[in-house]
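# What the coordinates show
Below, each chain spelled out in residue letters.
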Amino acid sequence: MSTTREVQERQRIASLRQQQIRQRAPKSSSAARGRAVQAKQRPLLIAVFALLPGRWKGILAGAVVGTILSFFVSIQLTGDQRLLAILPLLGLIVAGYGAGRFKEHLNKR
């Protein structure tokens, strides 16, 4: 009688292991019936940037590039000439605005 108990205990342990393995196994999207498969979410900064009109995208892109360029120009210049470092920043902001308006104009056609 003790051998049948051992056999039953082994079968119970084996079935528990199989049940745990099934629960921990990753489920495919087809197995998740009834649940909507969630799309990968974009980072917040990119999502907000996508909402902006083309003009503002151009201004922001010009400001970022202009800030980097102005930083490197200000390193090279000394004294009062450092004020000239703001020119690339302003120029690229205006150029970005123009490029953004042009892109908006092309999209409307």
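See the structure shown above.
What comes next concerns the included structure. Please read all numbers here as calculations on a predicted model, not as lab measurements.

Thresholds applied
- Residues numbered from 1 in each chain as written.
- Predicted model: local features only at pLDDT ≥ 70, side-chain atom pairs only at ≥ 80, totals over all residues.
- Heavy atoms only, no water.
- Phe/Tyr/Trp six-rings, centres within 6.5 Å; stacked < 30°, edge-to-face > 60°.
- Buried < 20%, exposed > 50% of the residue type's maximum accessible area, 1.4 Å probe, protein only.
- Helix = DSSP H or I, 4+ residues; strand = E, 2+ residues; numbered from the N terminus.
- Contact = heavy atoms within 4.5 Å.
- Axes fitted to C-alpha atoms, helices over the stretch in contact; angles between N-to-C directions.
- Parallel < 35°, antiparallel > 145°, perpendicular 65-115°, else oblique.
- Left-handed = near helix turned anticlockwise from the far one by under 90°.
- Nonpolar A, V, L, I, M, F, W, Y, C, P; charged D, E, K, R; others polar.
- Salt bridge = Lys/Arg side-chain N within 4 Å of Asp/Glu carboxyl O.
- Patch = residues over 30% accessible without salt bridge, like charges linked within 9 Å, V, L, I, M, F, W, Y side chains within 5 Å.
- Areas by Shrake-Rupley, 256 points an atom, 1.4 Å probe, with all protein chains shown as cover.
- Polar contact = N/O pair within 3.5 Å; in protein donor to acceptor, adjacent residues only side chain to side chain.

## Some remarks on the packing of aromatic side chains
For the structure on display, the rule yields one aromatic pair. Ring centres of Phe-71 and Phe-72 lie 5.5 Å apart, and the angle between their planes is 65 degrees; this geometry places the pair in the edge-to-face category. For Phe-72, a relative accessible area of 48% corresponds to the partly exposed category.

## Structural notes on the environment of Gly-100
Mapping Gly-100 onto the fold places it in helix 4 (residues 86-108). Its relative accessible area of 4% is what places Gly-100 among the buried residues. In this structure, the C-alpha to C-alpha distance between Gly-100 and Arg-55, residues 45 residues apart in sequence, is 4.1 Å. If we skip the residues at most four places from it in the chain, Gly-100 touches Gly-54 and Arg-55.

## With respect to the packing of helix 3 (residues 54-76) against helix 4
When two helices pack together, their arrangement is given by the angle between their axes and by how far apart the axes lie. At a minimum axis distance of 7 Å, the contact between helix 3 and helix 4 shows a crossing angle of 160 degrees. Taken together, the axes of helix 3 and helix 4 lie roughly antiparallel to each other. As for how helix 3 packs across helix 4, the hand of that crossing is right-handed. Counting all contacts with helix 3, which are made through Gly-54, Arg-55, Gly-58, Ile-59, Gly-62, Ala-63, Val-65, Gly-66, Thr-67, Leu-69, Ser-70 and Val-73, the residues of helix 4 involved are Ile-86, Pro-88, Leu-89, Leu-92, Ile-93, Gly-96, Tyr-97, Gly-100, Arg-101 and Glu-104. A breakdown of the residues in the contact of helix 3 with helix 4 according to their chemical character gives eleven nonpolar, eight polar and three charged.

## What about the pattern of salt bridges?
What the rule picks out here adds up to two salt bridges. A salt bridge links Arg-12 to Glu-9; the shortest N-O distance between them is 2.7 Å. Residue Arg-12 and its partner Glu-9 are both found in helix 1 (residues 2-24); the two are separated by three residues, about one turn of the helix. By relative accessible area, Arg-12 is classed as partly exposed at 44%. Looking at Glu-9, the relative accessible area reads 36%, which means it is partly exposed. For Arg-55, the salt bridge goes to Glu-104, with nearest N and O atoms at 3.3 Å. With Arg-55 in helix 3 and Glu-104 in helix 4, this residue pair connects regions lying 49 residues apart in the sequence.

## Focus: a nonpolar patch on the surface
Judged by side-chain polarity, Val-64, Val-65, Ile-68, Phe-71, Phe-72 and Ile-75 come together as a nonpolar surface patch covering roughly 590 Å² of accessible area. Relative to the helices and strands, Phe-71 is located in helix 3.

## So, the side chain of Ser-70
Along the chain, the position of Ser-70 falls in helix 3. Polar contacts involving the side chain of Ser-70 include one to the main-chain amide nitrogen of Leu-89, which spans 3.3 Å. Beyond its immediate sequence surroundings of up to four residues, Ser-70 is in contact with Ala-85, Ile-86, Pro-88 and Leu-89.

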